[in-house]
Amino acid sequence: AQSVTQLGSHVSVSEGALVLLRCNYSSSVPPYLFWYVQYPNQGLQLLLKYTSAATLVKGINGFEAEFKKSETSFHLTKPSAHMRDAAEYFCAVSDTRGYQKVTFGTGTKLQVIP
Amino acid sequence: NAGVTQTPKFQVLKTGQSMTLQCAQDMNHNSMYWYRQDPGMGLRLIYYSASEGTTDKGEVPNGYNVSRLNKREFSLRLESAAPSQTSVYFCASSEAEYPTNEKLFFGSGTQLSVL
């Protein structure tokens, strides 16, 4: 069974500081991996996805994530946090083998301190 | 661009009452999903519909039923609401019938409280 683990339910960073949100996956076959963002009172929006092309994936709003097979990780980073980045971030995984549902992590709330 | 539209946005029910959550998408997507979001548990799949006329159970289907009315609409019904069904419900859609690497488009959610 596929799963993702997000380390840290809450992360606080100062405005302008590096953002690092951690995600580790478990999958018996090469996975597809996603990061979604949820702003208050809204649905989730796709930030970026990994589909076995380049291991460094660039997304919207300056975010990027690197797929590391040896570490089974797909951490999300942004060099400089902005106030508008305050939101909840979800890592997700799906199976490359036929139709499989997308499994979401438990989420990480990012607080940006002025 | 409406995208995925859910109604209602808020609902309060008494234990044992029934209700239907409505979802419609205007992107001609094949697949539609219902998720529930609970604190500390992320999103869990209740039911999905890979194409018009088909529905399948997800991770937490007990206490729910769904109807894929047509390609646009996918409703979620609670026949006898329980306090454990207090949650935020999200409808989502994606383009392909086999969307393992497809982007999911989400509605803005329904906040349901069961007293």
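The rules behind the values
Every chain's residues receive numbers from 1 upward, in the order its sequence appears when written. Working convention: letters from A go to chains and numbers from 1 go to ligands, in the order in which they are written. Whole-chain, interface and lining totals are the exception, using all residues; otherwise, since this is a predicted model, local features are given only for residues with pLDDT of at least 70 and side-chain atom pairs are given and counted only at 80 or more. Hydrogens are left out, water is left out, and the side-chain values use all remaining heavy atoms of the structure. In what follows, a disulfide is any cysteine sulfur pair within 2.5 Å. Comment: elements are numbered from the N terminus, with helices defined as DSSP H or I runs of at least four residues and strands as E runs of at least two. In this description, strands pair whenever DSSP reports at least two bridges between them. Angles here are taken between N-to-C directions and fall from 0 to 180 degrees, while the axes themselves are lines fitted to C-alpha atoms, restricted in helices to the stretch in contact. Relative accessible area decides the class of each residue, using a 1.4 Å probe on protein chains only: under 20% of the type maximum gives buried, over 50% gives exposed, and in between gives partly exposed. The criterion used for residue contact is that any of the two residues' heavy atoms lie within 4.5 Å.

Colleague: Can you walk me through the state of the cysteines in this structure?
Modeller: Disulfides are covalent bonds that connect the sulfur atoms of two cysteines. All names here are of chain B. Summed over the entire model, instances satisfying the criterion amount to two disulfides over all chains. Between Cys23 and Cys91 runs a disulfide, and the two sulfur atoms are separated by 1.9 Å. Given an S-S torsion of about -75°, the disulfide between Cys23 and Cys91 has left-handed geometry. Here Cys23 is found in strand β3 (residues 19-25), whereas its partner Cys91 is found in strand β9 (residues 87-94), with 68 residues between them in sequence.

Colleague: How should the sheet that holds strand β8 (residues 73-78) of chain A be read in this particular structure?
Modeller: In any sheet, the strands associate via hydrogen bonds between backbone groups, in a parallel or an antiparallel arrangement. Residues and elements named next belong to chain A. The five strands are arranged β1-β3-β8-β7-β6 in an open sheet whose pairing can be described as antiparallel. Because the sheet does not close on itself, it has two edges, and the strands there are β1 (3-7) and β6 (56-58). Mean inter-strand twist for the sheet, computed between neighbouring axes without regard to direction, equals 20°. The pairing of strand β3 (residues 19-26) with β8 spans four bridges and is antiparallel. By the bridge assignment for β8, Asn24 is matched with Ser73.

Colleague: Just to check I follow, could you spell out the environment of Ala92 of chain A for this structure?
Modeller: All names here are of chain A. Within the element layout of this structure, Ala92 appears in strand β9 (residues 87-95). Look at Ala92 and you get buried, because its relative accessible area is 0%. Between the alpha carbons of Ala92 and Phe67 there is a distance of 13 Å; along the sequence they are 25 residues apart. The contact partners of Ala92, leaving out residues within four places of it in the chain, are Val4, Tyr32, Leu33, Phe34, Val102, Thr103 and Phe104.

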